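# Close look at the chain arrangement
Letter by letter, the chains look like this.
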Amino acid sequence: MLNSTNPAYTPWGKADYEKVYAEGIVFYGTPSHGGFKLDRERNAKVHPALRERDGFYEEDCAWAKVAFTFPDVFSEKDREAAIRTLKEWYPDEYETVAGVILAPGESHAKDERLFLERHANDWIVISAIRSDQHPGMVECIATIGGRRGQWGKSDSAERRYLVPDAEYDRRGKFGFVIDPTRHALYDGPSSFIARRAAS
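What counts, and where the lines are drawn
- Residues numbered from 1 in each chain as written.
- Predicted model: local features only at pLDDT ≥ 70, side-chain atom pairs only at ≥ 80, totals over all residues.
- Heavy atoms only, no water.
- Pairing = 2+ DSSP bridges.
- Helix = DSSP H or I, 4+ residues; strand = E, 2+ residues; numbered from the N terminus.
- Axes fitted to C-alpha atoms, helices over the stretch in contact; angles between N-to-C directions.
- Buried < 20%, exposed > 50% of the residue type's maximum accessible area, 1.4 Å probe, protein only.
- Core = buried A, V, L, I, M, F, W, Y, C linked by side-chain atoms within 4.5 Å.
- Contact = heavy atoms within 4.5 Å.
- Polar contact = N/O pair within 3.5 Å; in protein donor to acceptor, adjacent residues only side chain to side chain.

## Concerning the sheet that holds strand β6 (residues 56-58)
One open sheet holds the four strands; their spatial order is β3-β4-β5-β6, and the pairing between them is antiparallel. Each edge of the open sheet is held by one strand with a lone partner, namely β3 (17-22) and β6. Taking the axes of each pair of neighbouring strands and ignoring which way they run, one obtains an average angle of 25 degrees across the sheet. One ladder, built from five bridges, connects β3 with strand β4 (residues 25-29); its direction is antiparallel. Note on β4: the bridge partner recorded for Ala22 is Ile25.

Following this line, the structure appears as structure tokens:
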């Protein structure tokens, strides 16, 4: 319960509830989000590679830094989830702290980074739609390296391609790489524009 005369303020807004895990380790929830707050003494115990300067650790991923640092405060299930979360989303920091090198497949973030590095000069699809004009095909918008700008708009040149839908459906989790020797450039009527106009 919160002290209603002295509500806690967090990076996610005013807290509407709290849960004390241990002295100096408190979870705060807000209507939109939540996370842990470590007092200065506890935050100093977090490895520098994992430490948040303000002592706040949001609930989606950063909570794992708290559970990893203070394992006695968390259940075995939470500790295991924390290690998985650190590997997935903070691979560089985890490698530094644990003294290991994560193999391919152990970290979503690291695998995605390697994919983008490997395909930095390739056309990667950033948007796709089933083609109304060409049944069995997907109309794709691609940019070099899959770069996007603000609000989802590309900050680099775009090209449109037609890709067989069965092939596009087998795309990897980090995106679809255009093969210019097999995938046809397309400058015909766009299903993107047609459906936007109809909505």
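## With respect to the pairing of strand β5 (residues 34-38)
Counting buried positions along β5 gives four out of five residues, so the element sits mostly inside the fold. Bridge analysis of β4 against β5 gives five bridges, and the strand direction is antiparallel. Considered in β5, the bridge of Tyr28 is made with Gly35. In this structure, β5 lies alongside β6, joined through three bridges in antiparallel fashion. Bridge pairing in β6 links Lys37 to Phe56.

## Focus: the nonpolar core
Core analysis: the largest hydrophobic core is formed by 21 residues, its most contacted members being Phe36, Leu38, Tyr57, Trp63 and Val66. Of all the elements in the fold, those that place two or more residues in this core are β4, β5, α2 (63-69) and α3 (76-89). Ranked by residue count, the leading element in this core is α2, at four residues. Grouped together as the second largest cluster of nonpolar side chains are ten residues, Trp123, Tyr161, Val163 and Ile178 included.

## Details of the pairing of strand β7 (residues 123-130)
When β7 meets strand β8 (residues 137-144), the two strands line up antiparallel, connected through seven bridges. The partner of Arg130 across the bridge, within β8, is Val138. Turn length for the β7-β8 hairpin, with the two strands adjacent in sequence and antiparallel, is six residues, and the turn residue Gly136 shows positive phi of about 85 degrees.

## Some words on helix α5 (residues 108-118)
Restricting attention to buried positions, one finds in α5 the residues Ala109, Lys110, Asp111 and Phe115. Buried-residue contacts for α5 involve α3, α4 (91-98) and β7.

## Examining the side chain of His183
Looking at where His183 falls in the secondary structure, it is placed in the loop between α6 (165-168) and β10 (184-185). Look at His183 and you get buried, because its relative accessible area is 3%. At 2.9 Å, the side chain of His183 and the side chain of Glu167 are in polar contact. Setting aside its immediate chain neighbours within four residues, His183 contacts Tyr161, Leu162, Val163, Pro164, Glu167, Phe176, Val177 and Ile178.

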